[in-house]
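Here's the letter readout for the chains.
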Amino acid sequence: MLARFATRIDTWNGARLAKRFKSGWPATTRADVHFHRTPLAQYRYRLREPEKTSGKVHTIVFMADAPVTLERYDALLDLLAIRYRVIVFEAAGMGFSAPDPSHTFAFQRTNDDVASFVESVGGEGSILAFPCVAGLGAVDIAVRHPRLVSGLFLLQTADWDTMLKWKKRNDTSGMLARPVLGQIAMKYTGAKSAPGWFKHALGRRDHMAPFCNCAKEAFEHGAQFALASTFQRYIDGPSPLGTPKQPVAVVWGECDASHERAGPHIAHALAPQATFHALKHVGHFPDLQDPQTIADLLDEYIEQNLT
């Protein structure tokens, strides 16, 4: 009962936010911004159609890694949209994707709602490129909704037990895990905490400015950051995950101080056929810190597995 009340702190005004986001600043920052309504949220996303359309066109669906918002994805979209159909969206309760009051942030129910978005906007056979804990959601969608997913290209995602340790490692005070208090704390400190998180996670002082500026501008325009609800409800207890049959790649930025050192074992724990790519020069956001390398790895992944 307390947990349900706590998540309502992050969702109670979802209908009002959805209307405001769709008609205000979040709708105007880029020409390719769109909104899509599902049973549990109004998702904000960007969509780029490929410039070159010969042969099969693959659709790649990225999830933005809050507190980063869609505005930080220009370079990645420019690189990939030459030959792919590319979508990037914000999770419900993050950035400017407004959650419905009935949203509970529970793992499989949340993933089913994301699957609804993928089906409507991405279409069957999409490649899911989700970050961190959300990568576990991508695995769940691939297992339970296999027709929607042709492949998984995961960023900074480890196996379930390792991600549970990551969650505890990054909530040393235990505040995020406390229903109600965690939600209230994030309402007041979310914007202030972003630079500290980026310093810890990027691992590169020279990469900080564009991330901090993006988050600052988004928070000034009312961006959400429902981190406490996600910490409390999204992953907990024993793993419910099955093993995906689709080709899986895990990309890992080794400068990320929020994670322990990782290796191929974290990819193989998700799927025996998974491949692992370690990047020594980036941290928690490899797709945004080095979009060219990610574009090259995606080309290689698609050529080897999906052509």
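A brief report on the enclosed structure follows. (Residues numbered from 1 in each chain as written. Predicted model: local features only at pLDDT ≥ 70, side-chain atom pairs only at ≥ 80, totals over all residues. Heavy atoms only, no water.)

**With respect to the overall build of the protein**
Along the backbone of the protein there are twelve helices and eleven strands. Here the C-alpha radius of gyration of the protein, 18 Å, is about what a compact globule of 307 residues would show, namely 19 Å. Counting only C-alpha atoms and orienting by the principal axes, one finds that the protein spans roughly 50 × 40 × 40 Å. The buried share among the 307 residues of the protein stands at 58%. Counting only contacts in the protein whose residues sit at least 6 apart along the sequence, the fraction spanning at least 24 positions is 79%. When the accessible surface of the protein is split by element, carbon and sulfur atoms take 55% of a total near 12,800 Å². Across the protein, the mean location of the 34 positive side-chain charges is 7 Å away from that of the 31 negative side-chain charges. (Helix = DSSP H or I, 4+ residues; strand = E, 2+ residues; numbered from the N terminus. Rg over C-alpha atoms; globule rule 2.2 N^0.38 Å. Buried < 20%, exposed > 50% of the residue type's maximum accessible area, 1.4 Å probe, protein only. Contact = heavy atoms within 4.5 Å. Areas by Shrake-Rupley, 256 points an atom, 1.4 Å probe, with all protein chains shown as cover. Lys, Arg positive; Asp, Glu negative; His and termini not counted. Charge placed at Lys NZ, Arg CZ, Asp CG, Glu CD.)

**Some remarks on the pattern of salt bridges**
All chains considered together, the criterion is met by 20 salt bridges. Three or more residues are tied together by salt bridges with common partners; here these are Arg-30, Asp-32, Arg-46, Arg-48, Asp-74 and Asp-78. (Salt bridge = Lys/Arg side-chain N within 4 Å of Asp/Glu carboxyl O.)

**As for the packing of helix 7 (residues 181–202) against helix 8 (residues 208–220)**
Across the interface, helix 7 lies against helix 8 with an axial gap of 10 Å and an inter-helix angle of 160 degrees. Comparing the axis directions of helix 7 and helix 8 gives the class roughly antiparallel. Note on packing geometry: the crossing formed by helix 7 with helix 8 is right-handed. Along the contact surface, helix 7 presents Gly-190, Ala-191, Ala-194, Pro-195, Phe-198, Lys-199 and Leu-202, while helix 8 presents Met-208, Phe-211, Cys-212, Ala-215 and Phe-219. Across the contact of helix 7 with helix 8, the residue classes tally to ten nonpolar, one polar and one charged. (Axes fitted to C-alpha atoms, helices over the stretch in contact; angles between N-to-C directions. Parallel < 35°, antiparallel > 145°, perpendicular 65-115°, else oblique. Left-handed = near helix turned anticlockwise from the far one by under 90°. Nonpolar A, V, L, I, M, F, W, Y, C, P; charged D, E, K, R; others polar.)

**Quick look at the nonpolar core**
When a protein is soluble and globular, its nonpolar side chains tend to lie buried together. Phe-62, Phe-130, Phe-153 and Phe-198 are the most contacted members of the largest nonpolar core, which has 101 residues in total. Once you skip the residues sitting within four places of it in the chain, Phe-62 turns out to touch Leu-76, Leu-80, Val-86, Ile-87, Val-88, Phe-89, Ala-129, Phe-130, Leu-155, Asp-287 and Leu-298. (Core = buried A, V, L, I, M, F, W, Y, C linked by side-chain atoms within 4.5 Å.)

What is shown is where atoms sit, not what they do.
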